[in-house]
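Tertiary structure, described
So the chains spell out like this:
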Amino acid sequence: MKKTSLLVAITLSIVSCKETQKKDTTIAIVNSSTITQSKNNIVIDTATVKKHLYTLAHDNMQGRKPGTEGIEKAAKYIEGEFKKIGLKPFKDLTTYRQNFEHKNIKMFNVLGVLEGKSKKDEFVIVSAHYDHLGVKESGEGDLIYNGANDDASGVVGILALAEYFAKKDSNERSILFVAFTAEEMGLIGSKYFGKNINANKFVAGINLELIGKEPKTGPKTAWLTGFDRSNFGKIIQKNLKGTGYRLFPDPYPKFNLFFRSDNASLARLGVPSHTFSTTPIDIDKDYHKTSDEAETLDVGILTETIRAVAVGTTTIINGTDTPSRVVIE
Ligand SMILES: [Zn+2]
């Protein structure tokens, strides 16, 4: 998230080691088990989430600054996971990379499609930004901005959700998973992406940012930016009924968060695109610091957040709900 403000995402935890039955969305949550093959028994497991997090936030990613070896390494990791999951390149791209140049820096968003069934020309975008601040130019001690919460946690979310929905194999709408670049430089990657799509084909945008810490609204809660700008939040609340989780409107209106993350690039095109977060941004001591390390995050909350997004977005993904378009004055 750009320094001028902070940010947002969604949390929910599903009681681990217990099965929640909701029609065809049977989710078995067994912390250390791998994904079972059966279509109705899909696990979003903590072990996989932890592996992604510690890989993307590792010192050898050198803080994932655009134009550096670190971000190339991160992009390769994400592409490798997209390939394993079986995602397809987007539109007429031949790889997962959407290449472009900004201020003479070669940049690339990383995109993968899970094609829908009956409504495959309608897209739901699930996004996060995989760039961060790189390495401090000078100073003592730890000089690497690992960006574990900002926003490796969100990228972990899109990888785990891609695996979940691919296993579930019942999405009526197509899902586009996007790791945006250069968000910290001013939403550069998502703005470029926005210029190259037909926004009418995008029915919703789910952006994940800073989802690794417990919110001030307490466990099993989350909040959403721009809650009043579309009925997107209400649809998520409806789908979460009975799960013990509550979704709140962004509790930091003065930070103008709706416009401070990649969701804004799509929202400006009318797409009901909102950002979820779990981090108490007004008091977070690691935000944009070299101390934003994987160890400072709660992998349990991160995993529960991702599971919650999986449940919360069910009716948007299967096409029974279509959020209202966003109007920017
Ligand atoms: Zn961020």
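Residues numbered from 1 in each chain as written. Predicted model: local features only at pLDDT ≥ 70, side-chain atom pairs only at ≥ 80, totals over all residues. Heavy atoms only, no water.

Check the secondary structure of the chain and you find eight helices and ten strands. Sequence-distant contacts, at least 24 apart, represent 80% of the contacts inside the chain between residues at least 6 apart. Surface summary for the chain: the accessible area is close to 13000 Å², and the carbon and sulfur share equals 53%. (Helix = DSSP H or I, 4+ residues; strand = E, 2+ residues; numbered from the N terminus. Contact = heavy atoms within 4.5 Å. Areas by Shrake-Rupley, 256 points an atom, 1.4 Å probe, with all protein chains shown as cover.)

This part is about unusual backbone geometry. In the segment running from D150 into D151, the intervening peptide bond is cis, with an omega of 0°. Even without glycine at this site, K91 takes up a positive phi of about 50°. Structurally, K91 is set in the loop between α2 (69-85) and β3 (97-102). Among the residues examined, K91 registers a relative accessible area of 56% and is labelled exposed. The backbone of D169 shows a phi angle near 55°, a positive value even though the residue is not glycine. Mapped onto the fold, D169 is located in the loop between α3 (148-168) and β6 (173-180). Classification of D169 as partly exposed rests on a relative accessible area of 38%. (Buried < 20%, exposed > 50% of the residue type's maximum accessible area, 1.4 Å probe, protein only.)

For the rest of this paragraph, the subject is the pattern of salt bridges. Between side chains of opposite charge, pairing is possible as soon as their charged atoms come close. In this structure the tally under the stated criterion is 13 salt bridges. For E79, the salt bridge goes to R97, with nearest N and O atoms at 2.9 Å. Note that E79 is positioned in helix α2 and R97 in strand β3, a separation of 18 residues in sequence. Judged by its relative accessible area of 15%, E79 falls in the buried class. When the shortest N-O distance is used, the salt bridge between K106 and E101 registers 3.2 Å. Exposure remark for K106: the relative accessible area of 61% places this residue in the exposed category. (Salt bridge = Lys/Arg side-chain N within 4 Å of Asp/Glu carboxyl O.)

On to the environment of I71, then. Structurally, I71 can be placed in helix α2. In this structure, the C-alpha to C-alpha distance between I71 and H132, residues 61 residues apart in sequence, is 8.6 Å. Ignoring any residue separated from it by four or fewer positions in sequence, one finds I71 in contact with M61, R64, K65, P66, F108, Y130, D131 and T181.

What follows concerns the pairing of strand β9 (residues 246-249). When strand β8 (residues 221-224) meets β9, the two strands line up parallel, connected through four bridges. Looking at the pairing, T221 lines up with R246 of β9. (Pairing = 2+ DSSP bridges.)

Moving on: the side chain of S273. Its place among the elements puts S273 in strand β10 (residues 273-277). Residue S273 is classed as buried on the basis of its relative accessible area of 1%. Leave out the neighbours within four places in its chain, and S273 touches G205, F258, N263, L266, A267 and V326.

This part takes up the packing of aromatic side chains. Applying the stated criterion across every chain yields a total of 13 aromatic pairs. Taken together, a centroid distance of 6.0 Å and an interplanar angle of 85° make the contact between F193 and F202 edge-to-face. One exposure class covers both F193 and F202, and it is buried. Joined through ring pairs, the aromatic side chains of F90, F123, F180, F193 and F202 make up one cluster. For the cation-ring pair, R97 lies above F108, with the distance from its terminal atom to the ring centre recorded as 4.3 Å. Above the ring of F255, the side-chain terminus of K254 is found at 4.7 Å from the ring centroid. (Phe/Tyr/Trp six-rings, centres within 6.5 Å; stacked < 30°, edge-to-face > 60°. Lys NZ or Arg CZ within 6 Å of the ring centre and 35° of its normal.)

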